Amino acid sequence: MKLPIIKHLTNFIEENDEDFVIEAIETLESITEVSSLKDEELDVIGELISNMYGAIEVDRMKKDGMSQKEALNTFMERVLGSIDK
C-alpha cells in the first residue's frame, strides 16, 4: 500500500463520491478473472484494489471525526501491525 495514493484517493472520495471508487474496485476485480493476465499484472491490479479499499477505510474514519492525518496514521499502523503478525 502506498500512503500518497491512499491520501489522493481519499481526497477524490471527499470531492466526488465513494461510489466511484467502489465501482472502480468492482471493475478491477472483474478484470482479474481474465485468464491471460500475467502474475505481474495481477500484482499491480491487486495493489490498486488494496489502495482503494484503504482510501475508503480512511474516508470512513474521517467521517467518524478523525483528522485526515490521524486517520491515515491509524490505518497504516493497523496495516503494519497485521503484517508483523
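Heads up: the structure comes first, above all this text.
The structure presented is a predicted model; accordingly, all values stated were derived computationally and were not measured.

S.K.: Before we go on, may I ask you to explain the overall build of the chain in this structure?
M.R.: Helices and strands together make up the secondary structure of the chain, namely 4 helices and 0 strands. Secondary structure elements of the chain occur, N-terminal to C-terminal, as α-α-α-α. Referenced to the eigenvectors of the C-alpha coordinate spread, the extents of the chain come out at roughly 45 × 35 × 15 Å. When the 85 residues of the chain are sorted by exposure, 31% land in the buried category. Excluding contacts between residues fewer than 6 apart, the proportion of contacts in the chain whose partners are at least 24 apart in sequence is 64%. Approximately 5,800 Å² of the chain is accessible, and the part contributed by carbon and sulfur atoms is 53%. Positive and negative side-chain charges in the chain, numbering 9 and 20 respectively, have mean positions lying 7 Å apart.

S.K.: Is there a simple way to explain the packing of aromatic side chains in this structure?
M.R.: Working definition: an aromatic ring pair is given by the centre-to-centre distance plus the angle between the planes. Applying the stated rule across the entire model yields 1 aromatic pair. For the ring pair F12 and F20, a centre distance of 6.2 Å and an interplane angle of 75 degrees mean the geometry is edge-to-face. On the basis of relative accessibility, which here comes to 32%, the residue F12 falls in the partly exposed class.

S.K.: When you look at the environment of K69 in this model, what are you seeing that I'm missing?
M.R.: Mapped onto the fold, K69 is located in helix 4 (residues 68-84). Given the relative accessible area of 65%, K69 is considered exposed.

S.K.: Teacher, can you tell me more about helix 1 (residues 3-15) here?
M.R.: Count 3.6 residues to each turn of an α-helix, and residues three or four apart come out pointing the same way. Helix length check: helix 1 (13 residues) gives 18 Å between terminal C-alpha atoms against 18 Å at 1.5 Å per residue, within 8%. Every buried residue of helix 1 is listed here: I6, L9, T10 and I13. Buried positions in helix 1, seen along its axis, are confined to an arc of 105 degrees and lie on one side of it. Within helix 1, the exposed residues directed more than 90 degrees away from the buried face are P4, H8 and E15.

S.K.: Explain the environment of L28 here, please?
M.R.: Tracing the chain through its elements places L28 in helix 2 (residues 18-31). When its relative accessible area of 14% is taken as the criterion, L28 is described as buried. Along the sequence, L28 and L48 sit 20 residues apart, while their C-alpha atoms lie 8.4 Å from each other. When residues no more than four places from it in sequence are discounted, the contact partners of L28 are I45, L48, I49 and M52.

S.K.: Please explain the packing of helix 2 against helix 3 (residues 39-63) as it appears in this structure.
M.R.: The packing of two helices is summarised by the inter-axis angle and the distance between the axes. Contact geometry for helix 2 and helix 3: axes closest at 10 Å, N-to-C directions at 155 degrees. Comparing the axis directions of helix 2 and helix 3 gives the class roughly antiparallel. The hand of the helix 2/helix 3 crossing is left-handed. From helix 2, E18, V21, I22, A24, I25, L28, E29 and I31 reach across to helix 3, where they touch I45, L48, I49, M52, Y53, I56, D59, R60 and K63. Taken together, the residues that form the contact of helix 2 with helix 3 break down as 12 nonpolar, no polar and 5 charged.

Cut-offs and rules
- Residues numbered from 1 in each chain as written.
- Predicted model: local features only at pLDDT ≥ 70, side-chain atom pairs only at ≥ 80, totals over all residues.
- Heavy atoms only, no water.
- Helix = DSSP H or I, 4+ residues; strand = E, 2+ residues; numbered from the N terminus.
- Buried < 20%, exposed > 50% of the residue type's maximum accessible area, 1.4 Å probe, protein only.
- Contact = heavy atoms within 4.5 Å.
- Areas by Shrake-Rupley, 256 points an atom, 1.4 Å probe, with all protein chains shown as cover.
- Lys, Arg positive; Asp, Glu negative; His and termini not counted.
- Charge placed at Lys NZ, Arg CZ, Asp CG, Glu CD.
- Phe/Tyr/Trp six-rings, centres within 6.5 Å; stacked < 30°, edge-to-face > 60°.
- Expected span 1.5 Å × (residues − 1).
- Arc of directions from axis to C-beta.
- Axes fitted to C-alpha atoms, helices over the stretch in contact; angles between N-to-C directions.
- Parallel < 35°, antiparallel > 145°, perpendicular 65-115°, else oblique.
- Left-handed = near helix turned anticlockwise from the far one by under 90°.
- Nonpolar A, V, L, I, M, F, W, Y, C, P; charged D, E, K, R; others polar.

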